[in-house]
Amino acid sequence: PEVAPALSYPRACVTAVGDVDAMGNSVGKEATVQESVAGDTGRPPRKEHEATRGSAAADERRTTEDSPALVSGLRLVEGIVDTSGSPSEHDILVAWIRGTLERGRAGELPGNTYAPIPEKWRKRNQSREMLQFGTYTHSNRVETHVPVAPLPPELDAVVDALIARGALTELQRPDSCTINLYGPGQWIPPHIDNPAFDRPFVTVSLCSEQPMVLGRGMVWPEGGRGPSPEERLNETHALSLPVGSAVVVEGEAADEYEHAVPPVTAERISLTFRRRGRPGRETEQRTERAERCRRRCRDVRGAIVAAAEA
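Residues numbered from 1 in each chain as written. Predicted model: local features only at pLDDT ≥ 70, side-chain atom pairs only at ≥ 80, totals over all residues. Heavy atoms only, no water.

1. As for the overall build of the protein chain
So, point 1. The secondary structure content of the protein chain amounts to five helices and 14 strands.
So, point 2. Buried positions account for 54% of the 310 residues belonging to the protein chain.
So, point 3. For the protein chain, the exposed surface amounts to about 13,800 Å²; the carbon and sulfur share of it is 51%. (Helix = DSSP H or I, 4+ residues; strand = E, 2+ residues; numbered from the N terminus. Buried < 20%, exposed > 50% of the residue type's maximum accessible area, 1.4 Å probe, protein only. Areas by Shrake-Rupley, 256 points an atom, 1.4 Å probe, with all protein chains shown as cover.)

2. Quick word on the sheet that holds strand E13 (residues 258–261)
Strand pairs in the sheet, formed through backbone hydrogen bonds, run parallel or antiparallel to each other.
So, point 1. Taken in spatial order, the four strands make up an open sheet running E8-E13-E10-E11, and their pairing is antiparallel. Looking at the sheet topology across the chains shown, the edges are occupied by strand E8 (188–191) and strand E11 (237–241). The sheet shows a mean angle of 20° between the axes of neighbouring strands, taken without regard to direction.
So, point 2. Looking at chain direction, strand E10 (residues 210–215) and E13 are connected through three bridges and run antiparallel. Among the inter-strand pairings, leucine 214 is bridged to a residue of E13, identified as histidine 259. (Pairing = 2+ DSSP bridges. Axes fitted to C-alpha atoms, helices over the stretch in contact; angles between N-to-C directions.)

3. A word on the pattern of salt bridges
So, point 1. A full pass over the atoms with the stated rule returns 22 salt bridges.
So, point 2. Across the pair glutamate 256 and arginine 289 runs a salt bridge, and its minimum N-O distance is 2.8 Å. Separated by 33 residues along the polypeptide, glutamate 256 in the loop between helix H4 (251–255) and E13 and arginine 289 in helix H5 (residues 281–309) bring together distant segments of the chain.
So, point 3. For glutamate 256, a relative accessible area of 18% gives the class buried.
So, point 4. Taking the relative accessible area as the measure of exposure, arginine 289 reaches 26% and is therefore partly exposed.
So, point 5. Via salt bridges that share partners, Arg199, Arg216, Glu252, Asp255, Glu256 and Arg289 belong to a single interconnected network. (Salt bridge = Lys/Arg side-chain N within 4 Å of Asp/Glu carboxyl O.)

4. Topic: the state of the cysteines
So, point 1. Enumeration according to the criterion identifies zero disulfides in this entry.
So, point 2. Its sulfur unpaired, cysteine 293 is 3.9 Å from the next cysteine sulfur, which belongs to cysteine 297. (Disulfide = S-S within 2.5 Å.)

What follows is the structure in structure tokens.
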């Protein structure tokens, strides 16, 4: 298979609405925007962007006016968490997260709400510390028998903002959130989010602007302290995630493409909101679709590695 060119990380800058982690196994409250995190309707209109394809120029940054959207189901909504003012909504939320992290490290959170970095991954600088609310996952497996804390008011307020700004509907209100805390150089390998969760899922970015990359059969090296751009193959799309923004992932972007976070250049916190799917045909079809994609990605990876070794 053809190997995709090296990517830049363009930040999408036009108004446009898109089309609509290994496998695991009721309508919520009415939205009420809380000013401490979610802000109010005095904000400027939200910006929505589709993912764009990167060029071969390593440090080129361009807008979607120059680069057509190619991934169906990937949408960026800016301004979910306000970064203006002192302290800003962003600052207040980050301070709460850091305080909760310290409580987790001290063993003060219930069950497995806090998850340290496994030692086998720490050696590679892979993964990150996590705080999990609503649902526990491990290595992209959903483990509903493992206890974690429910969504706290601070995260419910972010959900209210997502709904108020049109990133989600009330019927899509998440019941789970994973807070990922990345240090410089930490990264997450290519994966498809566990289909036990409904689509869309949404990730809110805090602290620093960093890229996510997508592809069908991305090849990242196994060893080292984090894959360099030269070592990563078959990345076909990239999207830069501004501070305070939300990326909404559904459709092809969620179930037919892998996504990954390359080694971050500065501290990053992300909030990934999901809703557990109910047993039934819809979840079964989503699982079948995701597994087909995983098989295709494995086949592509195998062919690329074989060609490189030939």
